[in-house]
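# Coordinate analysis (summary)
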Amino acid sequence: MLKKLALLGSLIATPAMSQDKAFTLQTPSVLSETGFIKHLLPRFSLKSGIRVKSTSQAGDAALGEQGTPVFRQGETIWHLAKTDSPHLDVFEAWLLSDIGKRTIEAFAPNGEMMFSADVSVEADVQIAAV
């Protein structure tokens, strides 16, 4: 009987604990309008168990010009700026992982890849004449 009560207690507590695994992500409308965020966030949540709510307001993290470079859209490099949170550390690590990179590059509406996981910057090297 005690084992059954312990099991029941753990099952009841689980949903409350899973709600704590969440954060908000500020996403610019120019990025959201592509449909990319609706592609990316559910796949992260499925893999990690961490819920992400996209918002146009300030959040726990933001995609923009500041922070760690995480993906490219044409000539624009998108960065992740985040607060100090283990859930955000997991999100950043996932974006930079092979699975995250494949997820980024798999977004291809109309068969055309819109985003790249390659955030390297090519240096324009000029050799001085002697």
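Reading the values: rules and limits
- Residues numbered from 1 in each chain as written.
- Predicted model: local features only at pLDDT ≥ 70, side-chain atom pairs only at ≥ 80, totals over all residues.
- Heavy atoms only, no water.
- pLDDT = per-residue confidence, 0-100.
- Contact = heavy atoms within 4.5 Å.
- Pairing = 2+ DSSP bridges.
- Helix = DSSP H or I, 4+ residues; strand = E, 2+ residues; numbered from the N terminus.
- Polar contact = N/O pair within 3.5 Å; in protein donor to acceptor, adjacent residues only side chain to side chain.
- Axes fitted to C-alpha atoms, helices over the stretch in contact; angles between N-to-C directions.
- Buried < 20%, exposed > 50% of the residue type's maximum accessible area, 1.4 Å probe, protein only.
- Core = buried A, V, L, I, M, F, W, Y, C linked by side-chain atoms within 4.5 Å.

### A look at the confidence of the model for the protein chain
For the protein chain, per-residue confidence averages 85 on the pLDDT scale, and residues scoring 70 or more make up 78% of the total. Contacts from residues 13–18, a stretch scored under 50 in pLDDT, to residues over four places away or in other chains number 0 contacts.

### Focus on the pairing of strand S5 (residues 76–82)
Bridge count between strand S3 (residues 61–64) and S5: 4 bridges; the pairing is antiparallel. From the neighbouring strand, Ala62 faces S5, where its bridge partner is Ala81. Of the pairings in the sheet, the one linking strand S4 (residues 68–73) to S5 comprises 5 bridges and is antiparallel in character. Across the sheet, Thr68 pairs through a bridge with Leu80, a residue of S5. Once S4 ends, the chain turns through 2 residues before running back antiparallel as S5, passing Gly74 with a positive phi of about 65°.

### Considerations on the environment of Ser48
Summarising the element assignment, Ser48 is placed in helix H3 (residues 36–48). Here the alpha-carbon distance between Ser48 and His87, two residues 39 residues apart in the chain, equals 9.1 Å. If sequence neighbours within four positions are ignored, Ser48 has contacts with Lys21 and Val90. One polar contact links the side chain of Ser48 to the main-chain amide nitrogen of Ile50, over a distance of 3.1 Å.

### Some points on the side chain of His87
With respect to the helices, strands and loops of the structure, His87 is situated in helix H4 (residues 86–96). Not counting residues up to four positions away in its chain, the partners in contact with His87 are Asp20, Lys21, Ala22, Phe23, Phe44 and Ile50.

### Let's talk about the sheet that holds S3
If you walk across this open sheet you meet the 5 strands as S2-S1-S3-S5-S4, and the pairing is mixed. In the strand order of this sheet, the two ends are held by strand S2 (51–55) and S4, each with one partner. This sheet shows a mean twist of 25° between the axes of neighbouring strands, independent of strand direction. The strands touched by H3 within the sheet are strand S1 (22–26), S2, S3 and S4, with S2 carrying the most contacts at an inclination of about 160°.

### Some remarks on the environment of Ala58
Looking at the element boundaries, Ala58 is found in the loop between S2 and S3. Judged by relative accessible area, which is 69%, Ala58 ranks as exposed. Separated by 33 residues in sequence, Ala58 and Leu25 place their C-alpha atoms 7.8 Å apart.

### Observations concerning the nonpolar core
Residues Leu25, Phe36, Leu63, Phe71 and Phe91 are the most contacted members of the largest nonpolar core, which totals 23 residues. Looking at this core, the elements that each hand over two or more residues are S1, H3, S3, S4, S5 and H4. Among the elements that take part in this core, H3 stands out by supplying 5 residues, more than any other. Excluding residues within four positions of it along the chain, Phe71 makes contact with Leu31, Phe36, Leu63, Thr76, Ile77, Trp78, Ile104, Phe115, Ser116 and Val119.

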